Amino acid sequence: CGGCAYQDLGYEAQLREKESILRESLARAAAPWSGEVTVHPSPERAWRMRASLHFGRGEGGPVLGLRQEGTRQVVDVEACLQLSERVNRAARAVCEAVAERPGLWPSLRGLDFLESPDGKTLLASLETALPPREAGALGGLVGAAGLDGFGVGAGHELLWLHGTPFVEATVL
């Protein structure tokens, strides 16, 4: 996702690097900015509220993670430092639950998460190649993952199977 690209730098150096990238981008867009840039730093860890993970095939079953840069290969991510502990636990729980259903593996594509800023609400949608009539059977994945809302993408439809598909939040 690019979130780890700067983790070899100290946090203050990460902020300076991101400011430099912003200034360079503005200059390339013919809108250079030499004034002060107000920084609204996020926490060093667990700051990402959205995540798109991908399924791949491992030796013992499905793997869930991110694509290796420049490839379609999925790298299993046991825990992402940019995601909250709750999202990491939910991702592992869904992966373990689908691992128990080998017939399902070829139809798995991805798993998207959305967490409220206060961490009280966690939604997920499972992207599949299943026909809509078969997607409803996946509602049982909700319990193991502790999700507040869950849907399954099947064909061109999103079938919402549990809870609300909305997160309420106040932004800056």
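Residues numbered from 1 in each chain as written. Predicted model: local features only at pLDDT ≥ 70, side-chain atom pairs only at ≥ 80, totals over all residues. Heavy atoms only, no water.

(A) Quick look at the pairing of strand E4 (residues 108–115). Bridging between strand E1 (residues 50–58) and E4 involves 5 bridges; their strand directions are antiparallel. Each bridged residue has a counterpart across the sheet, and for Ala 51 the counterpart in E4 is Phe 113. Bridge count between E4 and strand E5 (residues 122–128): 7 bridges; the pairing is antiparallel. Within E5, the residue paired with Leu 108 across the bridge is Thr 128. (Pairing = 2+ DSSP bridges. Helix = DSSP H or I, 4+ residues; strand = E, 2+ residues; numbered from the N terminus.)

(B) Geometry of the nonpolar core. Grouped together as the largest cluster of nonpolar side chains are 32 residues, with contacts concentrated most on Phe 55, Leu 111, Phe 113, Leu 126, Leu 147 and Phe 150. Of all the secondary structure elements, the ones that give two or more residues to this core are E1, strand E2 (61–67), helix H2 (85–99), E4, E5, helix H4 (141–145) and strand E6 (149–154). By residue number, the principal contributor to this core is H2, which donates 8 residues. What Phe 55 contacts, discounting residues up to four positions off in sequence, is Pro 62, Val 63, Leu 64, Val 74, Val 94, Val 98, Leu 108, Arg 109, Gly 110, Leu 111 and Leu 126. (Core = buried A, V, L, I, M, F, W, Y, C linked by side-chain atoms within 4.5 Å. Buried < 20%, exposed > 50% of the residue type's maximum accessible area, 1.4 Å probe, protein only. Contact = heavy atoms within 4.5 Å.)

(C) Representation of the sheet that holds E4. Pairing within the open sheet is mixed, and its 7 strands lie in the order E3-E2-E1-E4-E5-E6-E7. Of all strands in the sheet, those with a lone pairing partner are strand E3 (74–76) and strand E7 (157–163), marking the two edges. The mean angle between the axes of side-by-side strands here comes to 30°, regardless of whether they run parallel or antiparallel. Inspection of the sheet shows E5 paired to E6 by 5 bridges, in the parallel sense. (Axes fitted to C-alpha atoms, helices over the stretch in contact; angles between N-to-C directions.)

(D) A look at the environment of Ser 34. For Ser 34, the position within the fold is in the loop between helix H1 (11–28) and E1. With relative accessibility at 77%, the residue Ser 34 sits in the exposed group. Spatially, the C-alpha atoms of Ser 34 and Arg 23 are 7.8 Å apart, while their sequence positions differ by 11 residues.

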